[in-house]
Structure formats: structure tokens, C-alpha cells
Amino acid sequence: MVRCRAVSVRIDDAVLVDDVDLEIADGEWVSVIGPNGAGKTTLLRAIAGLATAEGEVELAGRSVRDMGTRERSRTVAVVPQIPVVPPSMPAVDYVLLGRTPHIPLFGVEAPDDVSTALTVLEQLDLTALADRRMETLSGGELQRVMLARALAQDAPVLLLDEPTTALDVGHQQEVLELVDELRMSRGLTVLSTMHDLTLAGQYADRLMMLAGGRVVASGSAEDVLTEANVARHYGARVRVLHEAGGIVVLPVRPVHEAIPR
Amino acid sequence: MVWAVGGAVAVVVAVLLGLAIGPASISPGGAALSVLDHIPGVHIRSGLSHQQAVIIWEIRLPRVILGLFVGAMLAMAGASYQGVFRNPLADPYLLGVAAGAGLGATIAIVSGLSASSAFSPVPLAAFVGALGAVLLTYTVGATGDRARSTASLILAGVAVASLLTALQTFVQQRDTAVISQVYTWLLGRLTVTGWSQVALVLPYFVVTAAVLLAHRRLLDVLSVGDHEATTLGVPVDRTRLVVVVAASFATAAAVAVSGLIAFVGIIVPHTIRLLGGTSYRVILPLSILFGGAFLVLADIVARQAMAPAELPIGVVTAFFGAPFFVLLLRSSRGVPAT
């Protein structure tokens, strides 16, 4: 369970996140959407304890502020938007880094940690890539390996920052389906930020739209993804279609007067 | 594993050569037996004369052991700095250690104390100067902002180093009689009188090596950056501080007894990265072994190349280290990662 009450993040005079309330039940998936600079990533960082925030952030009933770095890392795993990829590191070692919260600070991993990492690799169909060096992975492979590292952390809460931005449409669906399966099988609570509104609506249980750091819409995909909301907060002209698999948000190019050539 | 054996072999070979080569010719086997004879409870006839045995035990062995410690400390400090700053150019002198030690040593030499008393104050002054410089760099360069902190520390190191070098030059120029003495010290050399310097650095070597080796896995975790390392449960700022303090003590102790020996802290860790992999679990222990062996071999060259005169060892490490490293870089697939 994730709970934010009146969370604000300020840097100098700029208010990046402004008085946000959010509750996510165990096993629920909420996606945060909003235009560039709306404060999505900052909110995620505040929940992960990476940004100093006003208000209260609770994870599993405990205030993030009261948790030590290690305890927090056993509660919440983060998949960053732009990871720092350690060159030359084999993928399996990268996934093993996810076991850090469970390994004594000055120790090395136990056989249990290795088997956990190998199990996660197998679950995500990555066993063949285990010995590949990180910098040789494709975008889709990298995203899955990062997910594997987060899962190796064995934390009940998973934060995903733009998990699909670097991927083609096939890999986008693949990764999100994977997250959904893992959420079901492991009972994970998922909070993601998303740029693609269609995918956001199709995969999350609920959406929260931010603009200028404030919550401007929140609820089901039908309630949040309206043509009016997208026009107002993204400044975009879209059509919203209701398909069997969920909502589809289609950008529509404004029609101009024909320019004489 | 292969490399660990290789490192141990390199150390043994370097030690045997270091014992055997010198103005008085002594066979490596005899030298080794003579050393073993000193182990309590062991009595071996080495076949060496009393004089030869004294040369081995009182002159060559202390110098070889000191070389092992100094090389090991510089190499592991360099590797640790590279890891903690995620910067392949980081070396043990990154935060101003060299300039601080140089200033301390110069002041001690100029003051004339080193000539008058039996106990030379130069190592102590260099040690204090080195740690003072790191402290100054940390005080000036540490910011609350984690995103900026490593860059601002490195820049603060540059500023502190220029300031202290300016002061050092000023002090040195005022007393031109000591320039050659200062210069000799700055270029680095291993000269020993019996076992006292070895005894001086031993505790620093043991403690700093233990601390840095304990951080070998954390240094690997830091390779994903401060933010991600934090989400993995690593107290990043504290870890960096502890590693920097330990590496700085190691460097200061090495500099105090040997002057400023260039290049060891950069080429040894990078050579290991190119050959043996990029995990600090490999890099740190192998830096200790190969760093020590490399410096002992360099010292043999320094002693022999222009005998009976001695070359500064810093000249030898750079002269052989630089081309070797360039060759290695060209033959490998790319720039080593940190």
C-alpha cells in the first residue's frame, strides 16, 4: 500500500509537485500521466525517498522518512527512466545488484541470492542473456534486465519511470504485459509514469493526471482520458476511441487552410 | 582465480629478483633460504656468508617489502578513487594529496630539521600535508546536492592542488639550496634504513586494505550511479566518505615514506580492468598484488639502471608504465570502464 498525503516537492522557489494526495491499494496498478515537466518523475522520486518532500509518504503503513535506506530498498524497487548502465558488467551480475538490500553491507551474495537472481532471469526469459555485457543489450533487452534487477529486490512496491519510452510498440506491449503478469503472480503494487496515453489507459487500474505539479484529474481511464482533459493540459488535439481492449487516444493533426504552393 | 594465482606468482618473482639483484651478487635461492631462516623455529643453512645474510635482511628485504606496501597502497587507492568517483582518470592524488604532501615535505626540508636530527620529520610532514589537503578539499568541495557532489569534489581538488603547489613553489624558491633535495623527494624513491619505515606503514596498509576490501561489492553497486545505488539500499554519501578517507590514508602513508611516485595508481587498476574484468572484487585484491609487484620491479630498475647512482623510481614507473599501458589500450577492444 502506498499513501501520499499533501506531498509537495520544492527546489529553490520552484514547486515541482504541489499538494498531491494518492492512495494505491495492495496489488493495484496506478499510472501517473501528464505533459513534460508536470512533476511525474519528481513524485516518483519523492515516493522512493530520493527527493525531499513535504507532507507524508507512507509505504506499507510506515513513513518513508522514518525508514533507513536499506529498509526502504526492501520495500520499494525503482526502475529509472534513464539507467546508468555499468559497461562490461554481465547482465546476471547487474540483476544480482538487486539483491543488495538483502546482503550484509560488507558481505557478498549467498547462494540464495544467486538462485533468486537466476530464477528472475528465467521468469523474464533472459537466461540466454545472462552472460551478455550490459552495453551490448538492445533497448528492449535492457528494459527487461532492469525489471529483473528490480524484481530481484523482492520489494512489494514497484515504481516504473517511463518504462516504455525507449521501446517500439511490440516491446512496449511485451514489457507492460510482463509487469501485469508479475503484479498478479507476486501481488506487487505498481506505480508507473507513462507518456503513451493509450498504453497508460489500457494497463493501469487507475490514472492520475498531473499538470504543473497538481493533480488535475484522477480515476478510471474513461474519466481521465477525455478529449477535453488532453486538450487542456497537453495542448494536444486528440480523438478518444473506446475499443474492446480499452481506450485509444489518437493524435489528430489540426486541419489548416490549404497553403497555396 | 587464474589472475589471483598470477598475482601471487608476480609478487614472489618480484620479491626474489628484488632480493637477488644488487651490487653484491647473491643467488635468488640463497636469498630466499636466508629469509626463511629468520622465521622463528626454522633453521636453514642458506649457504650465504654472514655479510650477505646481513645485506639481505637489513638492506634488501626491508626495501622490497616497503616497495610491496607502497605499490599496493597506491594501486588500491587509485582503484578505489576511480570507483567512488566513477572517473577513469582518478588517481590517488586526485584530491590534492600530492600537492599537500609536497608542501609538507618542502617545509620540513627547508626548515633544516631533517639534516640536524636523527629522526627525519619529512615523512611526518608529508603525511600531515597530504591528509590536510584532502580535508581541505572535502570541506570546500562537499555540497548538499548529491548530483553535483562528485564533480565539485574533483574541482575542489584541482583548486586545492594548485594553491598548495603555488605555496610549495614559493617556499622552495626562497631557499634555492634545497631545490635538488626537494626535487629528489618529489620524484619519489624507496630508500630505507632497516625496518623502521616498513614498521611505520604496516599498520596503515593493514587497516586501509581491510576497509577498502570490505567495500569491494559496494563499489560495484556504486557503478549504477548515486541515485540507483540509493534505491538499492546503499548509504552512498557515507560509503564514499569512508572509501575516500581509507584511500587517502593509504596514499598519505605511501607518500610519506616514498615521495610522489607517479602512474602506479592509474595504470595498475586499469591494466587489471582490461585483463581481468571490471568487478571491484577482482580489481581491488589484484591491484594490491600487482601494484606491489610492479613497484618492486620498478625499484630494481631504479637501483640498477645507472648504478651506483639511483634513478628516482617515479621516473621508472612512468617510463615503463606509459608505453606498456598504451600498447595494452591499443590491443584491447576499447577504453577500460570504471
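About the criteria used
Residues numbered from 1 in each chain as written. Chains lettered and ligands numbered in written order. Predicted model: local features only at pLDDT ≥ 70, side-chain atom pairs only at ≥ 80, totals over all residues. Heavy atoms only, no water. Helix = DSSP H or I, 4+ residues; strand = E, 2+ residues; numbered from the N terminus. Buried < 20%, exposed > 50% of the residue type's maximum accessible area, 1.4 Å probe, protein only. Contact = heavy atoms within 4.5 Å. Phe/Tyr/Trp six-rings, centres within 6.5 Å; stacked < 30°, edge-to-face > 60°. Arc of directions from axis to C-beta. Pairing = 2+ DSSP bridges. Axes fitted to C-alpha atoms, helices over the stretch in contact; angles between N-to-C directions. Salt bridge = Lys/Arg side-chain N within 4 Å of Asp/Glu carboxyl O. 1 Å grid on protein atoms, 1.4 Å probe; cavity = no way out; pocket = protein on both sides within 12 Å on 5 of 7 lines; lining within 4 Å. Points joined across faces, edges and corners; volume = space filled by probe spheres on them. Nonpolar A, V, L, I, M, F, W, Y, C, P; charged D, E, K, R; others polar. pLDDT = per-residue confidence, 0-100. Patch = residues over 30% accessible without salt bridge, like charges linked within 9 Å, V, L, I, M, F, W, Y side chains within 5 Å. Areas by Shrake-Rupley, 256 points an atom, 1.4 Å probe, with all protein chains shown as cover.

**A look at the side chain of H233(A)**
Residue and element names in this part refer to chain A.
- Here H233 is to be found in helix α9 (residues 227-234).
- H233 sits in the buried class, given a relative accessible area of 16%.
- Those residues in contact with H233 that lie beyond four places of it in its chain are P35, M209, A211 and V216.

**Some details on the packing of aromatic side chains**
- For the structure shown, the criterion picks out eight aromatic pairs over all chains.
- Consider the rings of W29(A) and Y203(A), whose centres lie 6.3 Å apart with planes at 40 degrees: the pair is tilted. Of this pair, W29(A) sits in strand β3 (residues 29-33) while Y203(A) sits in helix α7 (residues 197-203), placing them 174 residues apart in sequence. This pair shows no difference in class: W29(A) is buried, exactly as Y203(A) is.
- Aromatic side chains F69(B) and F205(B) sit 4.7 Å apart centroid to centroid with 25 degrees between the ring planes, which places their arrangement in the stacked category. Here F69(B) is found in helix α3 (residues 50-85), whereas its partner F205(B) is found in helix α9 (residues 196-214), with 136 residues between them in sequence.
- Cluster of aromatic residues (ring-pair linked, three or more members): F127(B), Y204(B) and F249(B).

**Structural notes on helix α2 (residues 28-36) of chain B**
Residues and elements named next belong to chain B.
- Turning to α2, its buried residues are G30, A31, S34 and V35. Each buried residue of α2 sits inside an arc of 135 degrees when the element is viewed along its axis, so together they form one side.
- Of the surrounding elements, those touching the buried residues of α2 are α1 (2-20) and α3.

**What to know about the sheet that holds strand β9 (residues 206-211) of chain A**
Residues and elements named next belong to chain A.
- Spatially, β6-β7-β8-β3-β9-β10 is the arrangement adopted by the six strands of the open sheet, whose pairing is mixed. At either end of the open sheet lies a strand with only one pairing partner, and these are β6 (76-79) and β10 (214-219). Ignoring which end each strand starts from, the neighbouring axes of this sheet average 15 degrees apart.
- Relative to β10, β9 runs antiparallel, the two being bridged by five bridges. Residue pairing for β10: M209 is matched across the bridge by A217.
- The strands touched by helix α6 (residues 169-186) are β3, β7 (157-161) and β8 (189-193); relative to β3, the strand with the most contacts, the crossing angle is about 145 degrees.

**Digging into unusual backbone geometry**
All names here are of chain A.
- Phi at A6 is positive, roughly 50 degrees, even though this residue is not glycine.
- Checked against the element boundaries, A6 lands in strand β1 (residues 2-11).
- Residues other than glycine seldom take positive phi values, yet S88 does so here, at roughly 70 degrees.
- Along the chain, S88 falls in the loop between β6 and α3 (91-97).

**Description of the pattern of salt bridges**
- With the rule as written, the count across this model stands at 25 salt bridges over all chains.
- Its salt-bridge partner being R5(A), residue E58(A) comes within 3.2 Å of it at the nearest N-O pair. One end of the pair, E58(A), is in strand β4 (residues 54-59); the other, R5(A), is in strand β1, and 53 residues separate them in sequence.
- Residue classification places R5(A) among the partly exposed positions, given a relative accessible area of 42%.
- Among the ionic pairs, R281(B) bridges to D220(B), the shortest N-O distance being 3.9 Å.

**Let's talk about the pairing of β4(A)**
Residue and element names in this part refer to chain A.
- Across five bridges, β1 lies against β4 in antiparallel orientation. Its bridge partner being in β4, R3 is matched across the sheet by E58.
- Bridging between β4 and strand β5 (residues 62-63) involves two bridges; their strand directions are antiparallel. The partner of E58 across the bridge, within β5, is S63.
- From the end of β4 to the start of β5, which pair antiparallel, there are two residues, and A60 there has a positive phi angle of about 50 degrees.

**So, empty space enclosed by the protein**
- Applying the stated criterion across every chain yields a total of three cavities of 30 Å³ or more.
- Computed from the structure, the second largest cavity encloses a volume of approximately 50 Å³.
- In this structure, the second largest cavity is lined by A48(A), T69(A), R72(A), S73(A), V76(A), T230(B) and T231(B).
- Sorting the residues of the lining of the second largest cavity by element identifies α2 (69-75) of chain A together with α11 (226-231) of chain B as the ones contributing at least two each.
- Here the lining of the second largest cavity is built from residues that sort into two nonpolar, four polar and one charged.

**Side note on the confidence of the model for chain B**
Residues and elements named next belong to chain B.
- Of all residues in chain B, 94% attain a pLDDT of 70 or more, and the chain-wide mean is 86.
- Averaged pLDDT values for the elements of chain B fall to 58 in helix α5 (residues 113-116) and rise to 94 in helix α10 (residues 216-222).
- This prediction of the complex comes with two scores: 0.88 for pTM and 0.89 for ipTM.

**Considerations on the sheet that holds strand β2 (residues 14-24) of chain A**
Residues and elements named next belong to chain A.
- Judged by pairing direction, the sheet is antiparallel, and its four strands sit side by side in the order β2-β1-β4-β5 without closing on themselves. The two strands at the open ends of the sheet, each matched to only one other strand, are β2 and β5.
- The pairing of β1 with β2 spans seven bridges and is antiparallel. The residue of β2 that forms the bridge with C4 is L22.
- Docked against the sheet, helix α1 (residues 40-47) engages β1, β2 and β4, running at close to 115 degrees with respect to β1.

**A few points about a nonpolar patch on the surface**
- Judged by side-chain polarity, M1(B), V5(B), V9(B), V13(B), L17(B) and L297(B) come together as a nonpolar surface patch covering roughly 550 Å² of accessible area.
- The topology assignment puts L17(B) in helix α1.

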